[in-house]
Amino acid sequence: MSHRRLIRGDGLNRAVAAAQAGDDQAFAEIVEKTSPKVYALCLRLSGNEHDARDIMQDTYLRAYRAIGTFRSDSSFSTWIYRIAANCASTHLQKRQHRNERALEFDVETLGNVVTASPDSDPEIASESTEDRERLIAALARLPFSLRSVVVLGDVYDLSHEEIATELQISRAAVKVRLHRARKKLHEELFATETRVRVSTGSATLVALSHPKRRGAAQSKRDKSEEKSA
Amino acid sequence: MPNQRSVCAEVVNELALVVDKKSSPSRLLLAHLDQCLSCQAELSQYRRLLRMLSELQNESERLPEGMLANLVGGITRAAERRAIRDLLTSRRGIYLFSIAAAVLIVSTLIALFGSRSSRLSDRKGQPEESMSSGC
């Protein structure tokens, strides 16, 4: 089953249908409903608020002009994400052509996101928050060519074909970039674990090498001791 | 025959692609995974990575102040431009444009004709005046 579970709701479907019939007020409603998630994508792709603002403006203007071409048998979120990806690619290419340096990746802004379903267990929640921050930082260090592919493919679940179309690259290039991006992220996130495992061959030390896991393993041991007592 | 380490290196390299189930792993890879704990651990790390990436999809971002108003304002301006363009290209627009053009042409002709006739009457009046002044 696909895990596209992004921007949903009957309200949105109604607004899309009305906007397709020419209701501009309905399109404003679409902007209101979808913009927080589209903005998160724009930030992930561009890495800073300044570029993300421009990409958002382009995305919604293009969506407004093309709303008549949207077919309701596909997901509206995928449709708007594809437009955002295309706008981001165009925007950053233009910046390169003007020989402007890309703005610094603003990890602080990227970290300021709202998680829809926070973990109820505080320990697990803090572990996942730390993992998430490390992931965000690792994504930030990727060049746009790799970051865009992994964000669109592995975060927003776009197919290789959709990514190739929107970024104007071949499907083979998508595959190669996705492979490279995942390997780099894997290296950044799990390097310590892998090194310890290779040098010792011990599964226990894998857990011990990760500070958070060490804490989790310790608390697990404590709980089992409490039970046995 | 390749040693265990080089096989593991090949398998680990392939894991980054086959982990998402969009590409199918080879039988050799599956057979190796079945008996290699180290590669199994790598696979579980890649699965965790994909899970973490997928969880980012649930996140939304607070819009900076004024952004929503700017977006809606941009759409409103685009809507106005489209309305004007639609009016100019629609049949009703063409009628209105034709009527306006006709009115403009007629009024220009009237103005031209009016100024010409007044010039003629001026010329007709001048000799009489000069003759009468000469006497």
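Quick notes on the rules
Residues numbered from 1 in each chain as written. Chains lettered and ligands numbered in written order. Predicted model: local features only at pLDDT ≥ 70, side-chain atom pairs only at ≥ 80, totals over all residues. Helix = DSSP H or I, 4+ residues; strand = E, 2+ residues; numbered from the N terminus. Buried ≥ 20, exposed ≤ 12 C-beta atoms within 10 Å, placed from the backbone. Contact = placed C-beta atoms within 7 Å. pLDDT = per-residue confidence, 0-100. Nonpolar A, V, L, I, M, F, W, Y, C, P; charged D, E, K, R; others polar. Axes fitted to C-alpha atoms, helices over the stretch in contact; angles between N-to-C directions. Parallel < 35°, antiparallel > 145°, perpendicular 65-115°, else oblique. Left-handed = near helix turned anticlockwise from the far one by under 90°. Expected span 1.5 Å × (residues − 1). Core = buried A, V, L, I, M, F, W, Y, C linked by C-beta atoms within 7 Å.

**Regarding the overall build of chain A**
Point 1. Of the regular secondary structure elements, chain A holds 11 helices and one strand.
Point 2. Listed N to C, the secondary structure of chain A is α-α-α-α-α-β-α-α-α-α-α-α in terms of helices and strands.
Point 3. Across the 229 residues in chain A, those meeting the buried criterion constitute 31%.
Point 4. The contacts in chain A between residues at least 6 apart in sequence include a share of 66% that link residues at least 24 apart.

**A closer look at the overall build of chain B**
Point 1. Scanning chain B from N- to C-terminus turns up five helices and one strand.
Point 2. Counting from the amino terminus, helix and strand elements in chain B follow one another as α-α-α-β-α-α.

**Side note on unusual backbone geometry**
Residues and elements named next belong to chain A.
Point 1. A positive phi angle, close to 60°, is found at aspartate 157, a residue other than glycine.
Point 2. Of note in the backbone geometry, glutamine 168 takes a positive phi value of approximately 55° without being a glycine.
Point 3. The topology assignment puts glutamine 168 in the loop between helix H8 (160-167) and helix H9 (171-200).

**Some thoughts on the confidence of the model for chain A**
All names here are of chain A.
Point 1. For chain A, per-residue confidence averages 77 on the pLDDT scale, and residues scoring 70 or more make up 66% of the total.
Point 2. Long-range and interchain partners of residues 114-119, a stretch whose pLDDT sits below 50, account for 13 contacts in this model, where long-range means more than four residues apart.
Point 3. Confidence drops under pLDDT 50 across residues 201-215; counting only partners more than four residues distant or on other chains, this segment forms 17 contacts.

**A short note on the interface of chain A and chain B**
Point 1. Contacts between chain A and chain B engage 40 residues on the former and 28 residues on the latter.
Point 2. Only helix H2 (24-46), helix H3 (49-66), strand E1 (113-114), helix H6 (122-141), helix H7 (144-155) and H9 of chain A provide two or more residues apiece to the side of chain A that touches chain B.
Point 3. If you tally residues by element for the side of chain A that touches chain B, the top one is H2(A), at 11 residues.
Point 4. The residue inventory of the side of chain A that touches chain B, partitioned by class, reads 22 nonpolar, seven polar and 11 charged.

**Concerning the packing of helix H1 (residues 4-18) of chain B against helix H2 (residues 27-35) of chain B**
All names here are of chain B.
Point 1. At a closest axis distance of 10 Å, the pairing of H1 and H2 adopts a crossing angle of 110°. With respect to H2, the element H1 is oriented roughly perpendicular. Along this stretch, H1 crosses H2, giving a crossing that reads as left-handed. Seen from H1, the contacting residues are Val7, Val11, Glu14 and Val18; seen from H2, they are Leu29, His32 and Leu33.
Point 2. Of the residues contributing to the contact of H1 with H2, the split by class is five nonpolar, one polar and one charged.

**Thoughts on the packing of H1(B) against helix H3 (residues 37-55) of chain B**
All names here are of chain B.
Point 1. In contact at an axis separation of 10 Å, H1 and H3 are set at 15° when each is read in the N-to-C sense. The orientation of H1 with respect to H3, classified from their angle, is roughly parallel. As H1 runs across H3, the sense of the crossing is right-handed. Along the contact surface, H1 presents Cys8, Val11, Val12, Leu15 and Ala16, while H3 presents Ser38, Cys39, Glu42, Leu43 and Tyr46.
Point 2. Residue classes in the contact of H1 with H3 are distributed as eight nonpolar, one polar and one charged.

**Overview of helix H4 (residues 76-97) of chain A**
Note on helix geometry: an α-helix contains 3.6 residues per turn, so any two residues three or four positions apart are oriented the same way.
Point 1. The end-to-end C-alpha distance of H4(A), which contains 22 residues, comes to 32 Å, matching closely the 32 Å that a straight helix rising 1.5 Å per residue would cover.
Point 2. Among all positions of H4(A), only Phe76(A), Ser77(A), Ile80(A), Tyr81(A), Ile83(A), Ala84(A), Ala85(A), Cys87(A), Ala88(A) and Leu92(A) are buried.

**Points about the nonpolar core**
Point 1. Residues Leu41(A), Cys42(A), Met56(A), Ala84(A), Ala88(A) and Val149(A) are the most contacted members of the largest nonpolar core, which totals 58 residues.
Point 2. Residue contributions to this core peak at 11 residues, all from H2(A).
Point 3. Among all residues touching Met56(A), those that are not within four sequence positions of it are Val38(A), Tyr39(A), Cys42(A), Met67(B) and Leu71(B).

**Things to note about the confidence of the model for chain B**
Detailed conclusions should not be drawn from predicted coordinates in areas where pLDDT is low.
All names here are of chain B.
Point 1. Per-chain confidence: chain B averages 82 in pLDDT, with 90% of residues scoring 70 or above.
Point 2. When pLDDT is averaged over each element of chain B, H3 comes out on top at 92 and helix H5 (residues 91-134) at the bottom at 77.
Point 3. Predicted complex, confidence summary: ipTM 0.71, pTM 0.68.

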